[in-house]
Amino acid sequence: MFDSLVRATLPITPKPLIHFFARKYVAGATLAEAVATVRRLSENGCRATIDVLGESVTERQHAAGAVASYHEVLDAITAGSLAAHVSLKPTQMGLNIDPALCRDNIASVLEHAQRAGIFVRIDMEDAPTTDATLRLYDELIRRFPRATGVVLQARLRRTLVDAAALAEAGANVRLCKGIYLEPRTIAYEERETIRRAYLHALEILLAGRGYVAIATHDELLVCEALAMIRRLGVGPDRFEFQMLLGVDPELRAILTSAGHRLRVYVPFGSHWYPYSVRRLRENPTIARVGLEAFLRGRMES
Ligand code: FDA
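What comes next is a walk through the structure.

Conventions adopted
Residues numbered from 1 in each chain as written. Predicted model: local features only at pLDDT ≥ 70, side-chain atom pairs only at ≥ 80, totals over all residues. Heavy atoms only, no water. Helix = DSSP H or I, 4+ residues; strand = E, 2+ residues; numbered from the N terminus. Expected span 1.5 Å × (residues − 1). Buried < 20%, exposed > 50% of the residue type's maximum accessible area, 1.4 Å probe, protein only. Contact = heavy atoms within 4.5 Å. Pairing = 2+ DSSP bridges. Axes fitted to C-alpha atoms, helices over the stretch in contact; angles between N-to-C directions. Right-handed = clockwise from strand over helix to strand, strands pointing away. Near = heavy atom within 4 Å. Polar contact = N/O pair within 3.5 Å; in protein donor to acceptor, adjacent residues only side chain to side chain. Areas by Shrake-Rupley, 256 points an atom, 1.4 Å probe, with all protein chains shown as cover. Nonpolar A, V, L, I, M, F, W, Y, C, P; charged D, E, K, R; others polar. Phe/Tyr/Trp six-rings, centres within 6.5 Å; stacked < 30°, edge-to-face > 60°.

With that settled, consider helix 6 (residues 130-143). Between its first and last C-alpha atoms helix 6 spans 20 Å; for 14 residues at 1.5 Å apiece the expected length is 20 Å, and the two agree. Where helix 6 is concerned, the buried positions are T130, A132, T133, L134, L136, Y137 and L140. Considering only its buried residues, helix 6 is in contact with helix 5 (99-116), strand 3 (120-122), strand 4 (148-153), helix 7 (159-169) and strand 5 (172-176).

This is how it looks when you write it as structure tokens:
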């Protein structure tokens, strides 16, 4: 009931309160804070992928601002010899304004990244952008081989077909469940069905020729993925686990202690609001934990 209440009231929850509950998912407002987070993760054996928060850009100058921020991130990774990639969103690069503008903006980031030897992941957003994102990836990977990869969402019904094509092409694919709620006509809705769909897609990707980023905190999926990796004889250079900042550091430690490569998604920046709302909608428990901590702090002080 608490979870439903949190979900229902999110649209009217004051921004400072959202910020209070969701701050563990965001490294901070500045690049310096993101760099400090990446260093802390690195000390604990984790790699990172840095994301400049922002999406659904409608002005060219805002897309240009995002591109400039990514150039700064790439410079910081090089200057600090950080164990980090970057992740970016097509709608932050101008996809909703003009796909050609978006392509040129991502190409500018990729040119820099390829020169610096840094990998760039193109995140996957809601279903109306899936075709355009895969087209962008297809065009960009030809110009910047090995410098970029894409994301597939297990909840989408189309994903098995997309996974087969990308596995065949030897692509670098992050597989996640998918955070955007989509209509039943194009997406699975049941938790167990999404889990099964995830494992079917994972098997296609692991049996293919590419690199697979297994992005989940679902322990059942982690367990099945490890069994699948053994069964298929997939080498450690062909996969990694990925997790979000602020989610289940214990599982993160279990995987790194077992010698697995693990990368943490590190978002930062002033545009934290939509990202935080999605995280809270996905897991309202965090609001309960935050509220308890807040009340404890109040009672103890
Ligand atoms: P599930 O949601 O079932 O979570 C499993 C367990 O993890 C929960 O029981 C809980 O304990 C914990 N947990 C999960 N989310 C939590 C949260 N917010 N707070 C606290 N605990 C939480 N999606 C997308 O559509 N496009 C993308 O490009 C990406 N990119 C991406 C990168 C990386 C590195 C990760 C890990 C995830 C994404 N995602 C994403 C998000 C992804 O689609 C999905 O929504 C989340 O990973 C949650 O799904 P799980 O597989 O973790 O399962």
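After that view of the structure, there is still more to cover.
Here we take up the sheet that holds strand 2 (residues 84-88). Pairing is parallel in the closed barrel, where eight strands are placed in the order 1-2-3-4-5-6-7-8. Each strand of the sheet is rotated relative to its neighbour by a mean of 30°, with strand direction disregarded. Across four bridges, the pairing between strand 5 and strand 6 (residues 211-215) is parallel. The partner of V173 across the bridge, within strand 6, is V212. Sitting on the sheet, helix 5 is in contact with strand 2, strand 3 and strand 4, with an inclination near 155° to strand 3.

Right, let's talk about the pairing of strand 4 for a bit. With six of six residues buried, strand 4 lies mostly within the body of the structure. Going residue by residue along strand 4, you find T148, V150 and L152 tucked away on one face and G149, V151 and Q153 tucked away on the opposite face as well. As paired elements, strand 3 and strand 4 share two bridges and run parallel to each other. Bridging across to strand 4, R121 finds its partner in G149. For the handedness criterion, the β-α-β arrangement of strand 3, helix 6 and strand 4 is classed as right-handed. With helix 7 bridging strand 4 and its parallel neighbour strand 5, the resulting β-α-β unit is right-handed.

Lining the immediate surroundings of the ligand are 25 residues, of which Y25, R191, T216, H217 and E282 lie closest. Y25 is positioned with one of its side-chain polar atoms (N or O) 2.5 Å from a nitrogen atom of the ligand. Note that a nitrogen atom of the ligand is positioned 2.8 Å from one of the backbone N or O atoms of M124. Burial of the ligand by the protein chains amounts to 85% of its free accessible area of 930 Å². Mapped by element, the contributors of at least two residues to the shell around the ligand are strand 4, strand 5, strand 7 (239-244) and helix 11 (273-282). With three residues, the top contributor of residues to the shell around the ligand is strand 7. Here the residues of the shell around the ligand are counted per class, giving 12 nonpolar, six polar and seven charged.

Right, let's get into the packing of aromatic side chains. According to the stated counting rule, one finds two aromatic pairs in the structure shown. Here the aromatic rings of F239 and F241 are separated by 6.0 Å at their centres, their planes lie at 85°, and the arrangement is edge-to-face. Under the relative-accessibility criterion, F241 is labelled buried at 1%. Here the aromatic rings of W272 and Y273 are separated by 5.9 Å at their centres, their planes lie at 75°, and the arrangement is edge-to-face. For W272, a relative accessible area of 18% puts it in the buried group. You can call Y273 partly exposed: its relative accessible area is 24%.

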